[in-house]
Each structure stands twice: as structure tokens, then as C-alpha cells.
Amino acid sequence: MYDQTEIDKLELLTGERDGALLSLLLEDAEAFVLAYTNRTHLVEGLKKPVRDLAVIALNRMGTEGETGRSEAGESYSFDDAPKQIYDIMNRFRLARVGGHAHEKE
């Protein structure tokens, strides 16, 4: 399970009350952020991108695999994730040297 404080924040942002679902979305988002940044643990500056990615995942439920949609004269397009999220993650990304990312303990 994920930290209850982060689940509470996600509830406030989304209105979703299913704690198990929110916890799963946060875990998946954290796994993505850690893999992208070559880290083994989450640093403080990466908590917001994790939360933002979890919100995006919740909002996209049911539209997986779509790149765009038109309904009732309105058009929607889906990006992977907004550039500002990648900008933050890039600041914390560790370079791999010899196949290993060297991270402070």
C-alpha cells in the first residue's frame, strides 16, 4: 500500500474515493518515475510528478490505447505525459555508467 498522505492528496485532487485504486495508480506512477530516472528510491522532488502521473492515469481510464477522440463536435488528443512532468524528471535523472546508475544512499 502507498503512503496514506499521498492517497489523501490524490483524493482531494480527483474526487476519487477508492483508496485501493489510488494506491495502485500511485505505485504504478512511482515505478515509472523510478525507471525513467534510473533511481531505486523516490526523492522529495519527484513526489509531485508521481502524483501528476497518477491523476493522468485515473483520468485516462477507459481510453487506453487512444491517441484522440471526437465527441459531440469536440476533439480531444492524448499525449504520453505533459512536457513539464518530463522536465522535472529529467532534472533528477541519473546517468548510467558501465550499466549502473550511481545513486547517493
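Preceding this section is the structure that the text describes.
Presented here is a report on the structure given in the accompanying data block. (Residues numbered from 1 in each chain as written. Predicted model: local features only at pLDDT ≥ 70, side-chain atom pairs only at ≥ 80, totals over all residues. Heavy atoms only, no water.)

## Some details on the overall build of the chain
Quick reminder of the rule: Strands here are runs of E lasting at least two residues and helices are runs of H or I lasting at least four, both read from the DSSP assignment and numbered beginning at the N terminus. Residues are treated as being in contact if the distance between any of their heavy atoms lies within 4.5 Å. What sets the accessible areas is the Shrake-Rupley method with a 1.4 Å probe; for residues, cover comes only from the shown protein chains.
Of regular secondary structure, the chain possesses four helices and four strands. Helices and strands in the chain line up, N terminus first, as α-α-α-β-β-α-β-β. Look at the contacts in the chain between residues 6 or more apart in sequence, and 57% of them connect residues 24 or more apart. Accessible surface, the chain as shown: approximately 7000 Å² in total, 51% of it carbon and sulfur.

## Section: the packing of aromatic side chains
Selection criterion: Pairing of aromatic rings covers Phe, Tyr and Trp, the last through its six-membered ring, and needs centres within 6.5 Å; plane angles under 30 degrees mean stacked, over 60 mean edge-to-face, and all others mean tilted. The buried label applies to any residue whose accessible area, calculated with a 1.4 Å probe on protein chains only, is under 20% of its type's maximum; exposed applies above 50%, and partly exposed to all values in between.
Counted according to the given criterion, the structure contains two aromatic pairs. With centroids separated by 6.2 Å and ring planes inclined at 20°, the aromatic side chains of Phe32 and Tyr36 adopt a geometry described as stacked. One end of the pair, Phe32, and the other, Tyr36, are both in helix H2 (residues 19–37), four residues apart, so they sit about a helical turn from each other. Taking the relative accessible area as the measure of exposure, Phe32 reaches 35% and is therefore partly exposed. Ring centres of Tyr36 and Tyr86 lie 5.3 Å apart, and the angle between their planes is 65°; on these two criteria the pair is classed as edge-to-face.

## Brief notes about the packing of helix H1 (residues 4–14) against helix H3 (residues 47–59)
The description of two helices packed together rests on the angle between their axes and the distance between the axes. Heads up, the condition is: Axis geometry follows a simple rule: fit a line to the C-alpha atoms, using only the stretch in contact for helices, then measure angles between N-to-C directions, giving values from 0 to 180 degrees. Put simply, angles under 35 degrees are roughly parallel, angles over 145 are roughly antiparallel, angles from 65 to 115 are roughly perpendicular, and the rest are oblique. Whether a crossing is left-handed or right-handed is set by the direction in which the near helix is turned from the far one by less than a right angle, anticlockwise for left-handed and clockwise for right-handed. Under the scheme applied here, ten amino acids are nonpolar (Ala, Val, Leu, Ile, Met, Phe, Trp, Tyr, Cys and Pro), four are charged (Asp, Glu, Lys and Arg), and all others, including Gly, are polar.
Running from N to C, H1 and H3 cross one another at 50°; their axes reach a closest spacing of 11 Å. One element, H1, and the other, H3, form an angle in the oblique class. Considering how the two elements wind past one another, H1 and H3 form a crossing that is right-handed. Facing Glu6, Lys9, Leu10, Leu13 and Thr14 of H1, the residues of H3 in contact are Lys47, Arg51, Ala54, Val55 and Leu58. Of the residues contributing to the contact of H1 with H3, the split by class is five nonpolar, one polar and four charged.

## Observations concerning the packing of H2 against helix H4 (residues 83–91)
One way to put it is that H2 packs onto H4 with a least axis distance of 9 Å and a crossing angle of 55°. In terms of axis orientation, H2 runs oblique to H4. In terms of crossing hand, the pair formed by H2 and H4 is right-handed. Where H2 abuts H4, its residues Phe32, Val33, Tyr36 and Thr37 lie against Tyr86, Met89 and Asn90. By residue class, the composition of the contact of H2 with H4 is five nonpolar, two polar and no charged.

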